[in-house]
Amino acid sequence: MPPIANVTPPAVLSFSSADPTGGGGVQADTLTLAAMGCHPLTVVCAVMIRDTRGVEDCVALDDDSVVMQARAILEDVPVHAFRIGAVGSVENLVAIAEILSDYPDVPVVLEPVLFDGGQGDDAAADEFGAALAELILPQVTVLVSDHLEMSRLADAGCDADEEPDGDGEALACLLALGVGFVLLTDAGQHGPQVINVLHGEEGVVSSDARERLPGQFLGARATLSAAIAAGLARGLGVADAVKAAQAFTAQALTGAYRPGMGPALPDRLLPVRAGGGDAD
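Given the structure is predicted, the values throughout are model-derived calculations rather than measurements. (Residues numbered from 1 in each chain as written. Predicted model: local features only at pLDDT ≥ 70, side-chain atom pairs only at ≥ 80, totals over all residues. Heavy atoms only, no water.)

A. Looking closely at the pattern of salt bridges. Taken as a whole, this structure holds ten salt bridges when the rule is applied. E111 is paired through a salt bridge with R83; the nearest N and O atoms lie 2.7 Å apart. Taken together, the residues E111 in the loop between β5 (108–110) and α4 (122–136) and R83 in strand β4 (residues 81–84) connect sequence positions 28 residues apart. Taken as a pair, E111 and R83 share a single burial class, namely buried. As a salt-bridge pair, D267 and R273 come within 2.4 Å of each other at their nearest N and O atoms. (Salt bridge = Lys/Arg side-chain N within 4 Å of Asp/Glu carboxyl O. Helix = DSSP H or I, 4+ residues; strand = E, 2+ residues; numbered from the N terminus. Buried < 20%, exposed > 50% of the residue type's maximum accessible area, 1.4 Å probe, protein only.)

Rendered as structure tokens:
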């Protein structure tokens, strides 16, 4: 038999928290990125204290620790995409923004985990959102968001006299800030279907509607955003990367399981076992 050629998979660097449940954070990203044919790199920005039922606390690492982790690996391994999840503090956002600015040609996928129990009170969430809008959004290739977070990000990023009214104005605001594309998902809503719509400067790029599965899931959007980053790292255009990521996520959710007493976790290895990681 001829020797098997060694092929180096494209590397994706995830800035996120350590999530002991494996539902989100760098643990979830590692599974998704590997299943999508990429080499996962991780920078731990915070430590979640949680179980599958919810978050008790989020302890942010200091910004120097974040910078040292990222610079060490970036000086060694070429990175083909970045993914940003729960990063824990405004100081960490500042550090990440500076790092991203050194790699302007590398696509960035953002899942803004900003407004849940891990971010504390409303004032802290507002400060975090404002920093995100000013420092990170102008560098983002694809923002993966629900309606509520998109509205709050737009409120944070627009002038007080021009606060957006409705999804259309919120989208226009975020795109004007420099976001390349917004994937707006209603996965947390009700109705017979989950509808994800990809928006760009020219309007709607694509729309994906799938049957809404029963029950709740921990880490569905984290899976989707990491899978998009994987597609971009592999050289797909944004629309194709989103399409492949939606197919991957849908398949992972069909095999979701409950390791604890909280919501089910996506089976991120199911598409690999089924040979359908790139299925439409």
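Additional details are given in the paragraphs that follow.
B. Up close: the packing of aromatic side chains. Across all of its chains, the model carries two aromatic pairs by this definition. When the centroid spacing of 6.0 Å and the interplanar angle of 65° are considered together, the rings of F82 and Y103 count as edge-to-face. With a gap of 21 residues between them, F82 in strand β4 and Y103 in the loop between α3 (90–101) and β5 connect regions that are remote in the sequence. Exposure remark for F82: the relative accessible area of 1% places this residue in the buried category. Here Y103 falls in the partly exposed class, since its relative accessible area comes to 26%. Put simply, the rings of F15, F82 and Y103 pair up and form one aromatic cluster. (Phe/Tyr/Trp six-rings, centres within 6.5 Å; stacked < 30°, edge-to-face > 60°.)

C. Just the nonpolar core, in detail. In terms of nonpolar packing, the biggest core is built from 42 residues, with F15, F82, I84, I96 and I136 touching the most fellow members. At six residues, α3 tops the list of elements feeding residues into this core. (Core = buried A, V, L, I, M, F, W, Y, C linked by side-chain atoms within 4.5 Å.)

D. View of the packing of helix α7 (residues 220–233) against helix α8 (residues 238–254). Where α7 contacts α8, the two axes come as close as 8 Å, and the packing angle between them is 140°. It follows from the interaxial angle that α7 and α8 lie oblique. In terms of crossing hand, the pair formed by α7 and α8 is right-handed. Facing A220, T223, L224, A227, I228, G231 and L232 of α7, the residues of α8 in contact are V238, A241, V242, A245, Q246, F248, T249 and L253. When the residues that make up the contact of α7 with α8 are grouped by side-chain class, the tally is eleven nonpolar, four polar and no charged. (Axes fitted to C-alpha atoms, helices over the stretch in contact; angles between N-to-C directions. Parallel < 35°, antiparallel > 145°, perpendicular 65-115°, else oblique. Left-handed = near helix turned anticlockwise from the far one by under 90°. Contact = heavy atoms within 4.5 Å. Nonpolar A, V, L, I, M, F, W, Y, C, P; charged D, E, K, R; others polar.)

E. Up close: the sheet that holds strand β9 (residues 203–211). Ordered by their spatial adjacency, nine strands build an open sheet running β3-β2-β1-β4-β5-β6-β7-β8-β9, and the pairing between neighbours is mixed. On the outer flanks of this sheet lie β3 (54–60) and β9, each paired with one strand and no other. Going across the sheet, the axis of each strand differs from the next one's by a mean of 20°, ignoring polarity. Note: strand β1 (residues 11–18) against strand β2 (residues 39–51), eight bridges, orientation parallel. Within β2, the position partnered with A18 by the bridge is V47. Relative to the sheet, helix α1 (residues 25–35) contacts β1, β2 and β4, its axis offset from that of β1 by approximately 155°. Sheet contacts for helix α6 (residues 167–177): β6 (142–145), β7 (181–185) and β8 (193–200); angle to β7, the most-contacted strand, approximately 145°. (Pairing = 2+ DSSP bridges.)

F. Up close: the side chain of T223. Among the structural elements, T223 can be located in helix α7. Residue classification places T223 among the buried positions, given a relative accessible area of 0%. Ignoring sequence-local partners within four residues, the contact set of T223 consists of T32, F248, T249, P266 and R268.

So, to be careful, I would describe these as geometric facts and stop short of saying anything about function.
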